[in-house]
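# Chain and residue survey
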Amino acid sequence: MQISNFEKYVFPPEQMAYIKQLKSLTRRIYGDNPKACVVTYGCQQNVSDSEHYKGMLSLMGFEFINEPSQADFILYNTCAVRGHAEDRVYGNIGVVKNYKRKRENIILAVCGCMAQQSHVAERIRKSYPYVDIVFGTQLQHRLPEFLYKRLSGGGRIFELSLENKEIVEDIPISRDGELKGWLPIMYGCNNFCTYCIVPYVRGRERSRHPVKILAEAREMVKAGFKDITLLGQNVNSYGKGCDFNMDFADLIREINNIEGDFRIRFMTSHPKDCTLKLLDAMRDCEKVAHHLHLPFQSGSDRILKQMNRHYDRKTYLELIEAARERIPDISITSDIIVGFPGETYDDFKETLSLVEKVRFSSLFTFIYSPREGTPASVMDDPISREEKGKWFNELLALQDKIAKENSKSFIGKTFRVLCDDYGKAPGIMSGHTSGNCSVEFEADKNMLGEFLDIEITDYTNMLSGKIVK
Ligand code: SF4
């Protein structure tokens, strides 16, 4: 785990003052080695946010552990995208009551998209009186203040304002990895897809200034990162409405110009904002991975309209064709929702036919989960969960067949692979291709972090290969 240098950040001075005071306060309360447990649910944006929470907590002197029962400070960074993830959070919060019976000094905080919803905050306020701090997605930088106030005897804290127009920069960070890292370029979303809770819990789109992004990218490359993923709910609309004259295609060209051997990835793209200019930039920039994650959600134009997605099946397929024309070996992945309210089996068959046509490398598939406060949650939804489950399994079976065929077609071909992890046995390492396929191969553990040419020799449950260079 790398901890960025404390001194060089211009972090909001009042928060820095709280951090300094917490350094002695936590020792007085918890002893010499205060322990924090940060539990992260949901998407990469949350993982990235948690790296900032850990950065601030590190500076306060906390050590990190994975077991909440042993921690002095527990932070649940939650997700609101699916109902069952929320149920798990309520379950985990419930268990902390027992820990607090034994050690009443434990501080429990809940943040992230789930906590941002007012009905959730209200439920926590009423039914979980031992939750100390609840704060929203735009108040990340105020964690030191909240923790200080609560630890010095203040009342419970509920802060959910979503009004920050400015992005707070230079929040300390403690990254989880040393080779692969997240680099947020924007926050929030303006699209209001009818099933999605994100615009309500993360607020409107706000792009970071390119100077800040480029500085962070340079710093990551200097620190040895080899695979940098640019993050945003809709990266393709980067820079819209900003006073700097730069769109996403321009931004990746700038990052590509940074010296060093590393890969650039990005997620998530929205088909309505994915331009030919971006695809040209992907083709031209040698550091940009040959991978496009382009969620299409449904193959039926009728359902896409109901979802408020602002593209149709034809436009989506044209985009895929344009991407493959420019980058023939591009790996395309996508997200699909099965059983959107009002979807019929005929609509679903349109999804199946699109999957067959595009032959995605992999898919993230979900059964529709209603989210309180979204337009789709009040739409008629006559199809039973059981029926949707059958459709879902049909989709999985089709994608499984395609993914196997795709993988087998790689046998005999050579790919540039970033050796990024240890394999299942000594002498085996694993890594990822530019298209983000996972490969195992024989290699020395010293090769971790190197780009290697690997010839694919076999496929069973995953690709395996041998080093050719
Ligand atoms: S683009 Fe649509 S699905 Fe994606 S975050 Fe925005 S509203 Fe949600």
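Residues numbered from 1 in each chain as written. Predicted model: local features only at pLDDT ≥ 70, side-chain atom pairs only at ≥ 80, totals over all residues.

### What about the pairing of strand E17 (residues 414–422)?
The following threshold applies: Note on pairing: two strands pair once DSSP finds at least 2 bridges between them. Secondary structure elements are taken from DSSP: a helix is a run of H or I of four residues or more, a strand is a run of E of two residues or more, and numbering for both begins at the N terminus.
Two elements, E17 and strand E20 (residues 451–459), share 5 bridges in a ladder whose sense is antiparallel. Bridge pairing links Phe415 to Ile454 in E20. As defined by bridge partners, E17 adjoins strand E18 (residues 428–433) across 5 bridges and the pair is classed as antiparallel. Directly across from Tyr422, in E18, lies its bridge partner Met429.

### Side note on the environment of Trp391
With respect to the helices and strands, Trp391 occurs in helix H14 (residues 385–408). As a C-alpha pair, Trp391 and Ile228 span 163 residues in sequence and 36 Å in three-dimensional space.

### Overview of the environment of Asn46
This is how the line gets drawn: Once C-beta atoms are placed from the backbone, any two residues with those atoms within 7 Å are in contact.
Relative to the elements of secondary structure, Asn46 occurs in helix H2 (residues 44–59). Sequence separation of Asn46 and His84 is 38 residues, and the distance between their C-alpha atoms is 17 Å. If we ignore the near neighbours within four places in the chain, the residues touching Asn46 are Thr40, Tyr41, Asn77, Cys79 and Gly112.

### Here's the deal with the site of the ligand
Worth spelling out the cut-off: Contact assignment follows one rule, namely that a residue is near a molecule or strand if its backbone-placed C-beta atom lies within 6 Å of it. All residues other than Ala, Val, Leu, Ile, Met, Phe, Trp, Tyr, Cys, Pro, Asp, Glu, Lys and Arg, Gly among them, are scored as polar; the first ten of these are nonpolar and the last four charged.
Around the ligand, a shell composed of Cys189, Asn191, Phe192, Cys193, Cys196, Val198, Pro199, Gln233, Asn234 and His270 is seen. Class assignment for the residues of the shell around the ligand results in 6 nonpolar, 4 polar and no charged.

### Points about the packing of helix H10 (residues 276–284) against helix H12 (residues 313–326)
Rules: Think of each axis as a best-fit line through the C-alpha atoms, taken over the contacting stretch in the case of a helix, with angles from 0 to 180 degrees between the N-to-C directions. In this scheme, roughly parallel covers angles under 35 degrees and roughly antiparallel covers those over 145, while 65 to 115 is roughly perpendicular and the rest are oblique. Note: crossing handedness is left-handed where the near helix turns anticlockwise from the far helix by less than a right angle, and right-handed where it turns clockwise.
Contact pair H10 / H12: the axes reach a minimum separation of 9 Å and the direction vectors enclose 25°. One way to sum up the angle between H10 and H12 is to call them roughly parallel. As H10 runs across H12, the sense of the crossing is right-handed. Here Leu276, Leu279, Asp280, Met282 and Arg283 of H10 lie close against H12, whose contacting residues are Ala322, Ala323 and Arg326. When the residues that make up the contact of H10 with H12 are grouped by side-chain class, the tally is 5 nonpolar, no polar and 3 charged.

### With respect to the sheet that holds strand E15 (residues 331–338)
Strand order across the open sheet formed by 3 strands is E14-E15-E16, with parallel pairing between neighbours. Here the strands that pair on one side only, and so sit at the sheet edges, are strand E14 (291–293) and strand E16 (362–367). Sheet twist, expressed as the mean angle between neighbouring strand axes with direction ignored, is 10°. Strand direction decides the pairing type here: E15 and E16, joined by 6 bridges, are parallel. The partner of Ile336 across the bridge, within E16, is Thr365.

### With respect to the confidence of the model for the protein chain
To keep things clear, this is the line we draw: Confidence of the predictor at the level of single residues is captured by pLDDT, which takes values from 0 to 100.
Averaged over every residue, the pLDDT of the protein chain is 94; the share at 70 or more is 97%. In this model residues 1–9 is a low-confidence stretch, pLDDT under 50, and it forms 16 contacts with partners more than four residues away in sequence or in other chains.

### Points about the sheet that holds strand E6 (residues 133–135)
Pairing between the strands of a sheet is mediated by backbone hydrogen bonds and can be parallel or antiparallel. Taken in spatial order, the 6 strands make up an open sheet running E3-E2-E4-E5-E6-E7, and their pairing is parallel. In this open sheet, the two strands that pair with only one neighbour each are strand E3 (63–64) and strand E7 (157–159). Taken together, the 2 bridges between strand E5 (residues 107–112) and E6 define a ladder with parallel strand orientation. If you follow Val110 over to E6, its bridge partner there is Val134. Across the sheet, helix H6 (residues 143–151) lies against E5, E6 and E7, angled at about 155° from E7, the strand it touches most.

### Section: the environment of Leu352
In this structure, Leu352 sits in helix H13 (residues 345–358). Separated by 43 residues in the primary sequence, Leu352 and Leu395 have C-alpha atoms spaced 6.5 Å apart. Each residue touching Leu352, except ones within four places of it in the same chain, is listed here: Glu394, Leu395 and Leu398.

### Regarding unusual backbone geometry
Residues Met267 and Thr268 are joined by a peptide bond in cis, for which omega reads 5°. Note on placement: Thr268 falls in the loop between strand E13 (263–267) and H10. Look at Asn308: it is not a glycine, yet its phi comes out positive at around 65°.

### Thoughts on the nonpolar core
This is how the line gets drawn: Working definition: the nonpolar core is a set of buried Ala, Val, Leu, Ile, Met, Phe, Trp, Tyr and Cys residues, joined through C-beta atoms within 7 Å. A residue is called partly exposed when the number of other C-beta atoms within 10 Å of its own lies between 12 and 20, exposed at 12 or fewer, and buried at 20 or more, with C-beta atoms placed from the backbone.
Counting 108 residues, the largest nonpolar core has Leu75, Leu183 and Ile185 as its most contacted members. Each residue touching Ile185, except ones within four places of it in the same chain, is listed here: Ser207, Arg208, Ile213, Leu230, Leu231, Gly232, Val235, Tyr238 and Leu251. Of all hydrophobic cores here, the second largest spans 14 residues; its members include Cys419, Met429, Ala443 and Leu463.

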